[in-house]
Amino acid sequence: MAIFKLTVNGKQQQVDVDADTPLLWVLRDSLHLVGTKYGCGMAQCGACTIHMGGNAVRSCILPISAVRQPITTIEGLSANGDHPVQQAWDEVDVPQCGYCQAGQMMTAAAFLKTTPHPTDEQIASAMHGNICRCGAYHRIHEAVKVASQKK
Amino acid sequence: MQTTNDTSRRDFLKWSAFTAGGLVLGFKWADAEASTATVFSSTVAEAEVAMGHYLTVGTNGIVTIFSPNPELGQNIMTSFPMIVAEELDADWKQVKVVQAPLDNRFDRQLTGGSGAVPHSWPLLRKAGATARFMLIAAAAQRWGVPAAECTAEEGFVLHKASGKKLGYGELAEDAGKVPVPATVTLKDRKDFKLIGTAVKNVANKDILTGKPLYGLDFYREGMLYAMIQRPPAFGTKVQSFDATAAKAMPGIIDVVQVKNGVAVVGKSTWQVMKAKKALKITYEKSGNIESTADHDKIFIDLLNNGKATVRRKDGDVEAAFKDAAKVVKAEYQCPFISHSPLEPMNFFAHVKEGSVELVGPCQIPGSARTAVSKLLNIPEDKITLELTRLGGGFGRRLYNDYVVEAAEVSSLIKAPVKVIWSREDDMTGGTYRPAVRYRFEAALDASGNMTGYRLRGVGINSGNPTREHNFPSGAVENLLIESVEHQSPITTGAWRAPITNFLAYAEQSFIDEVAVAAGKDPVQFRLDLFEKAKAKPVGRMDYNVNRMIEVTKKVAERSGWGTKAGVIQGFSVYFSHRSYVAQVAEAVMEKGKPVIKKVYAVADCGQIVNLGGARQQVMGAIVDGMGHALFGKLSFKDGAAEQSNFHNYRLIRMKEIPQVDLHFVDSGFDPTGLGEPALPPTGGAVANAIFKATGKRLYQQPFMDSEVFGGSGKKTF
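Residues numbered from 1 in each chain as written. Chains lettered and ligands numbered in written order. Predicted model: local features only at pLDDT ≥ 70, side-chain atom pairs only at ≥ 80, totals over all residues. Heavy atoms only, no water.

Let's shift gears to the overall build of chain A. Looking only at helices and strands, one finds 5 helices and 5 strands in chain A. The linear arrangement of helices and strands in chain A, starting from the amino end, is β-β-α-β-β-β-α-α-α-α. The C-alpha radius of gyration of chain A comes to 15 Å, within 12% of the 15 Å expected for a compact globule of 151 residues. Side-chain charges of chain A comprise 12 positive and 12 negative groups, with the mean position of each set lying 3 Å from the other. (Helix = DSSP H or I, 4+ residues; strand = E, 2+ residues; numbered from the N terminus. Rg over C-alpha atoms; globule rule 2.2 N^0.38 Å. Lys, Arg positive; Asp, Glu negative; His and termini not counted. Charge placed at Lys NZ, Arg CZ, Asp CG, Glu CD.)

The structure is reproduced here in structure tokens:
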């Protein structure tokens, strides 16, 4: 166990955990930020996607000792749940079970920053790494498009 | 989510604040068929009756509707209240929906079989209409006018003749004193304002901002975490174990043996995950150790020599085949598949002296409570179960092994604990869709009419893998359907659209093959059989042939079946869980391999409740059905699953989905269910399109193993 300092959603945090603890479990068990989900633990499904220094990262394989930049989770994506991606997800009424959606939105938000006007093919490629077991891919795709047209 | 110890007390206080003096209605949910749901209490918000009541109208105008059934993505938390709100003429913006805990006063408080809406439709309508009747009566009394002159609209009672208007909140207290009517008039379908429209998921805001909704998110101060190392191979059990190394690891509180393994208990998920890997366990044989290669041989043996149970017999099948001008025979096989809901199994349990508190995601909470009661010998009325949202189910959470495990661990360590399964635990831990093999035979006369039909289904712990009263039963004079089961230590269970998730593909692919052998168009061949079943039905038919005909014709029309030059199409139609879905898949060849680009779907599920949710169910089911037909495979070597996580167990992803053109038939029937029925036909439509594209029939799932996709094409027959 050791003390680690990190910035999550703009707030300084300090945790006492094993150095190899994945950021996912620091967020969920230590900081009680449970919007970031556990799905596979091996970066295959994308449910645990967060932003580190603005980039989409799989938190389930990122040890706390490797966290050097500020972290943003779904809870901090916007102050009032009104990030264009969140608005689009609501407008398109994307969620079924909803479990994967935080990861889907974090992937989409990072993608749209680098690709603000994506083609359909670019959207599909960007979102291909995130599994939705309910198969809500049509609406996820549409919501990314809707989000890209906001602002 | 509740995190207090005394859930019912806290919930009562919360809701009594809303409902003090307001209208509180509870309903005994009777049979699906009973149009006489009885009101079992009303008028007063008393502590012992307030929990689990179906609806309350607060003096502030807020209508609170408890949603009893587990929500796993079928959108029941939105659909159920819509039905109540429709008959109540509530203002949807003033409706709050609350997940109810397990409560005996709800009937059929479960999620499975696409049955919730069909079952509860009359009862929910009656609940809303009863409250509406009482609110109108209260207004009429206050105004001194006949109730018949009053109407209700978006949360208000109106007396149009005098222009008087009162909100439900202002009437709630008086309405609570109105005697509950024995019968009420339900709306005419044409007057529906909310039902049939697209209403957004009531949980969107919480889901999209990462609120703690799911079982895995549940946290209680002082709670411990546990993971269980279960035997890696079916047919083995724990002989002995050495927990010295695991116990010495940071954060580990205890290691205890449970019925199905060894549980590591600690202060955080990660510490427990790591310590579980440090366990040294010796296993011993407790049953047959089987591999997929064994199952392949067992299937052939059972098909040829198994002592079959006759499920249905019509006419003289032997004679029909003896006299046939042509006989078509084919065999279809599917592997085990995992449910893999994205939220792995988990449950919270706190076993106290003589009572138990359970919190988590499950599809049949009543059975979970019964199982825990049996294990601990604690009466059911001393066990509470609070439902969280489910991160998917697909049938896996119909089985309560993980709930019982949590209670077992809590009782052993005498502390509140959440048992968590890793993805690997989930995928290798059983309750799979059973592996099944079918042998189909069809007898054709000289004109290409199907005069005889034989189906023998064999499966591993599959029960009866046929649906003997589904199509083509009823359309063939001479028919024999039988089944044989092999008992295995590998655990199996219901997987979304149980049995039909594979049977539909096999049957619809075979019927396609028969149509081609008969020299007929595959759609027309089925329509001819439907017409025959309509004109001269043979024996029992569980399906409505008119609804089969309607969806078939409609999808042919919408897809331009047989009229689009150069477009490769495959057709399939299936009845399951009371509903009817026909599909046409379109394929193109890309780099020598078939790719499904589009699926046309026409569904008849009776009255649509939430159009948005209904579209989600069908489109998601098509993606799910196609994904598992293409990729789904769980194989065994020496009793152990060979796949363990999503790196070697492939699920469909965004780039692989087809476009979907979806249409609902308005058949005038009451709702007949939609969580599952759109999945079964997809595999057949896809396989039939691939046949047209490549000339190759696909006889085994997953299709990816077939030569047309560059697979080995290894046949086991």
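Our focus in this paragraph is the overall build of chain B. A tally of regular secondary structure across chain B gives 18 helices and 28 strands. By the compact-globule yardstick of 27 Å for 717 residues, chain B fits well, its C-alpha radius of gyration being 28 Å. Looking at chain B residue by residue over its 717 residues, the buried ones come to 64%. Counted over contacts in chain B with a minimum sequence separation of 6, partners at least 24 positions apart contribute 76%. When the accessible area of chain B is evaluated, it comes to approximately 25600 Å², of which 51% is carbon and sulfur surface. Within chain B, one finds 86 positive and 76 negative side-chain charges whose respective centroids are separated by 3 Å. (Buried < 20%, exposed > 50% of the residue type's maximum accessible area, 1.4 Å probe, protein only. Contact = heavy atoms within 4.5 Å. Areas by Shrake-Rupley, 256 points an atom, 1.4 Å probe, with all protein chains shown as cover.)

Bringing the side chain of B:His486 into the picture now. All names here are of chain B. Within the secondary structure, His486 is located in strand β22 (residues 478-486). Here His486 falls in the buried class, since its relative accessible area comes to 16%. Only 2.9 Å separates the side chain of His486 from the side chain of Glu290, close enough to count as a polar contact. Residues within four places of His486 in sequence aside, it is in contact with Glu290, Ile298, Leu302, Gly459, Ile460 and Asn461. (Polar contact = N/O pair within 3.5 Å; in protein donor to acceptor, adjacent residues only side chain to side chain.)

All names here are of chain B. Scanning all chains against the criterion turns up 47 salt bridges over all chains. Note that Lys193 and Asp89 form a salt bridge whose closest N and O atoms lie 3.9 Å from each other. Of this pair, Lys193 sits in the loop between α5 (168-175) and α6 (204-208) while Asp89 is found in the loop between α3 (76-88) and β5 (95-99), placing the two residues 104 residues apart along the sequence. You can call Lys193 exposed: its relative accessible area is 53%. For Asp89, a relative accessible area of 6% corresponds to the buried category. Across the salt bridge formed by Asp425 and Lys276, the nearest N and O atoms sit 2.8 Å from each other. A residue pair is termed long-range when its members are at least 10 positions apart, and Asp425 in helix α13 (residues 423-428) and Lys276 in helix α8 (residues 269-277) qualify at 149 residues. With a relative accessible area of 8%, Asp425 lands in the buried category. Sharing partners across several salt bridges, the network here consists of Glu86, Asp89, Arg132, Lys187 and Lys193. (Salt bridge = Lys/Arg side-chain N within 4 Å of Asp/Glu carboxyl O.)

What follows deals with the interface of chain B and chain A. The partner chain A presents 53 residues to the 63 residues of chain B that form the contact. Each partner contributes to the roughly 4700 Å² buried at the junction of chain B and chain A, and carbon and sulfur atoms together form 59% of this total. Looking only at chain B, the three residues that lose the most surface to chain A are B:Leu208, B:Leu342 and B:Met654, adding up to 18% of its buried area. At the surface where chain B touches chain A, the tally comes to 6 salt bridges. When the shortest N-O distance is used, the salt bridge between B:Lys200 and A:Asp90 registers 3.0 Å. (Buried area = accessible area lost by both parts, 1.4 Å probe.)

Residue and element names in this part refer to chain B. In terms of domain boundaries, chain B breaks down into domain 1 (2-207), domain 2 (215-286 + 345-420) and domain 3 (307-336 + 432-709). The C-alpha-based centres of domain 1 and domain 3 are spaced at 40 Å. Between domain 1 and domain 3, roughly 1500 Å² of surface is buried when both sides are summed, and carbon and sulfur atoms account for 49% of that area. Three residues, Ser114, Trp121 and Arg189, lead the burial of domain 1 against domain 3; their summed loss comes to 37% of the area buried on that side. On the surface where domain 1 and domain 3 come into contact, there are 1 salt bridge. At the junction of domain 1 with domain 3, the criterion picks out 15 residue pairs in polar contact (both at pLDDT 80 or more). For the side of domain 1 that touches domain 3, the leading source of residues is α3, giving 4 residues. For the side of domain 1 that touches domain 3, the per-class residue count stands at 10 nonpolar, 10 polar and 1 charged. (Domains from an automatic or database assignment. Nonpolar A, V, L, I, M, F, W, Y, C, P; charged D, E, K, R; others polar.)

The biggest cluster of nonpolar side chains holds 179 residues, and the ones touching the most others in it are A:Trp89, B:Met450 and B:Phe703. With 10 residues, helix α17 (residues 611-631) of chain B is the largest single contributor of residues to this core. Each of domain 2 (215-286 + 345-420) and domain 3 (307-336 + 432-709) of chain B gives at least three residues to this core. Judged by nonpolar contacts, the second largest core, of 49 residues, contains B:Val57, B:Ile65, B:Val84 and B:Ala139. (Core = buried A, V, L, I, M, F, W, Y, C linked by side-chain atoms within 4.5 Å.)

Strands pair in a sheet through their backbones, by hydrogen bonds, and they do so in one of two ways: parallel or antiparallel. Residues and elements named next belong to chain B. The 3 strands are arranged β6-β7-β8 in an open sheet whose pairing can be described as antiparallel. In this open sheet, the two strands that pair with only one neighbour each are β6 (150-153) and β8 (164-167). Ignoring which end each strand starts from, the neighbouring axes of this sheet average 25° apart. Seen against the sheet, α5 touches β6, β7 (156-159) and β8 and runs at an angle of roughly 80° to β8. (Pairing = 2+ DSSP bridges. Axes fitted to C-alpha atoms, helices over the stretch in contact; angles between N-to-C directions.)

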